[in-house]
Amino acid sequence: MPDSKPEVPLSTALDLTLDGPALTAALVDFPSVSGTEKPLADAIEQALRTLPHLTVDRHGNNVVARTRLGRAERVVLAGHIDTVPIADNVPSRLDEDGVLWGCGTSDMKSGVAVQLRIAATVPEPNRDLTFVFYDNEEVAAHLNGLGHVATAHPDWLAGDFAILLEPSDGQVEGGCQGTLRVSLTLRGERAHSARSWMGSNAVHAAAPVLARLASYEPRRPVIDGLEYHEGLNAVGITGGVATNVIPDECTVVVNFRYAPDRTPEEAEKHVREVFADCGVDEFVVDDHSGGALPGLAHPAAAAFMEAVGGTAHPKFGWTDVARFSALGVPAVNYGPGNPIFAHKRDEHVVVDRITHCERRLYDWLTA
Ligand SMILES: [Zn+2]
């Protein structure tokens, strides 16, 4: 019997002289499912420490490298190094059509490869650069490495403009919408359903809440030229005790996705107002993450938009750009992967996109 070989070849070092597509393949072949990023963080730290123009810091499995050239502006290039669980799609495979297949090719080791390439090939950028590589983006928010760095060392993330190289299909996605989840509870009084007039039905009491949701007209505000689209929706409803009991409690769970021109406080106030006269007995905020303004009016962002061309698109889902926004740093998503294929068994990236993204950033930072 031959020795059983590990399914996945484990490398221990990263070669930053590889081109973007080859470096992406090397990163995909270096598994780093959320919670197991340490070997990859070690390799990234080691590779960056060989570059004399960068100062390298580390917090847990998060690596931050910075130039200190005293430039007028500082740009942050950030990306998460973890992936979702592998689905028989490692090691990577490059096909004859120039498509690289494998876990993390799109989300977002191609973006991380571009970060590393820029770190290695632009020793004298026209703007100071900060490279952030962080762990645990694909799991619960409290584990997110970017959040940990923002709390422990906010100065490491300081900058005039940040780019997250998340898959955006080569388009610039500005800002992101906020998300608020609340539980609206209505109360009644239990009774035997044979004598329902002795009680008060809490499920029926939810009718005004549902009517208000069904007729709600969401705003579509335009901010920095981007049109956002809000939404207020029931995402769950619970109530009922037994099939012969008038229910004494009903809870409607509501999710409000809101444009970044509202602060979290304003968003909550708005939702309270929407349901103010609907007989709600209890209003509980379950979860709340503020949005992020696109910040495309900032000179560094405007210069970036001009360099990469095309038009920016709003981001409807919540992303880590909001963490930068909370630190006062306008941020966008711009990466070579296609988000449609993220987290899929057939995840892949067109390698020309990686080269293209790297070239655009290189030209902008060396012009
Ligand atoms: Zn991602």
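In this text, all values refer to a predicted model and were calculated from it rather than measured experimentally.

Engineer: Honestly, the pattern of salt bridges in this entry has me stumped. Any pointers?
Structural biologist: Proximity of charged atoms lets side chains of opposite charge pair with each other. Counted by the stated rule, this structure contains 24 salt bridges. One salt bridge in this structure joins Lys38 and Asp42, with 2.9 Å as the shortest N-O distance. A residue pair is termed a helical-turn pair when its members lie 3 or 4 positions apart in one helix, as Lys38 and Asp42 do in helix α2 (residues 38-49) at four residues. Since its relative accessible area comes to 46%, Lys38 is described here as partly exposed. Overall, Asp42 belongs to the partly exposed group, its relative accessible area being 25%. Connected via shared salt-bridge partners are Lys38, Asp42, Glu45, Arg49 and Arg58.

Engineer: Would you mind showing me how to read the packing of aromatic side chains here?
Structural biologist: Here a ring pair, both rings aromatic, is described through the centre-centre distance and the interplanar angle of the planes. Per the counting criterion, the structure on display carries five aromatic pairs. Measuring from centroid to centroid gives 6.4 Å for Phe161 and Trp364, while their planes differ by 85°, and the two rings are edge-to-face. Of this pair, Phe161 sits in strand β7 (residues 161-164) while Trp364 is found in helix α9 (residues 351-366), placing the two residues 203 residues apart along the sequence. For the residue pair Phe161 and Trp364, the accessibility class agrees, reading buried in each case. Here a set of aromatic residues connected by ring pairs shows up, and it is made of Phe161, Phe304, Tyr334 and Trp364.

Engineer: Which parts of the structure should I look at to understand the UniProt feature "domain: Peptidase M20 dimerisation" (unreviewed entry) in the protein chain?
Structural biologist: Summarizing the sequence annotation, UniProt attributes the feature "domain: Peptidase M20 dimerisation" (unreviewed entry) to residues 178-276 in the numbering used throughout. As a span, residues 178-276 carries 19% helix and 37% strand, and end to end its C-alpha atoms are 21 Å apart.

Engineer: How should the state of the cysteines be read in this particular structure?
Structural biologist: Between two cysteines, a covalent bond joining their sulfur atoms is known as a disulfide. For the structure shown, the criterion picks out zero disulfides. As a non-bridged cysteine, Cys250 has Cys278 as the owner of its nearest cysteine sulfur, 13 Å distant. For Cys250, a relative accessible area of 1% translates into the label buried.

Engineer: What is the right way to read the coordination of the zinc ion from this model?
Structural biologist: Where a metal carries four tetrahedral donors, each ideal angle is 109.5 degrees; where it carries six octahedral donors, the ideal angles are 90 or 180 degrees. Protein-derived ligands of the zinc ion are His80 (NE2), Asp107 (OD) and Glu166 (OE), with the metal-ligand distances lying across 1.9 to 2.2 Å. Each donor residue of the zinc ion belongs to the same chain, and together they define the spacing H-x26-D-x58-E. In this pair, His80 is assigned in strand β3 (residues 74-80) and Asp107 in helix α3 (residues 105-121), connecting sequence segments 27 residues apart. A single burial state applies to His80 and to Asp107, both of which are buried.

Engineer: When you look at the sheet that holds β3 in this model, what are you seeing that I'm missing?
Structural biologist: Sheet strands pair via backbone hydrogen bonds, and the direction of the pair is either parallel or antiparallel. Taken in spatial order, the eight strands line up as β1-β2-β6-β3-β7-β18-β8-β17 in an open sheet, and their pairing is mixed. Each edge of the open sheet carries a strand with a single partner, namely β1 (55-59) and β17 (313-314). Here seven bridges tie β3 to strand β6 (residues 128-134), and the two strands are oriented parallel to one another. From the neighbouring strand, His80 faces β6, where its bridge partner is Tyr134.

Engineer: Quick question: what am I supposed to make of the sheet that holds strand β4 (residues 93-94) here?
Structural biologist: Spatial strand order, β4-β5-β19: three strands in an open sheet with antiparallel pairing. On the outer flanks of this sheet lie β4 and β19 (348-350), each paired with one strand and no other. Bridging between β4 and strand β5 (residues 99-101) involves two bridges; their strand directions are antiparallel. When the bridges of β5 are listed, Leu94 appears paired with Leu100. Packing of α3 onto the sheet brings it into contact with β5 and β19, and relative to β19 it is tilted by some 50°.

The rules behind these values
- Residues numbered from 1 in each chain as written.
- Predicted model: local features only at pLDDT ≥ 70, side-chain atom pairs only at ≥ 80, totals over all residues.
- Heavy atoms only, no water.
- Salt bridge = Lys/Arg side-chain N within 4 Å of Asp/Glu carboxyl O.
- Helix = DSSP H or I, 4+ residues; strand = E, 2+ residues; numbered from the N terminus.
- Buried < 20%, exposed > 50% of the residue type's maximum accessible area, 1.4 Å probe, protein only.
- Phe/Tyr/Trp six-rings, centres within 6.5 Å; stacked < 30°, edge-to-face > 60°.
- UniProt positions renumbered as here; feature names shortened; annotations may be inferred.
- Disulfide = S-S within 2.5 Å.
- Donors = N, O, S within 2.8 Å, 3.2 Å for Na, K, Ca; no water.
- Pairing = 2+ DSSP bridges.
- Contact = heavy atoms within 4.5 Å.
- Axes fitted to C-alpha atoms, helices over the stretch in contact; angles between N-to-C directions.

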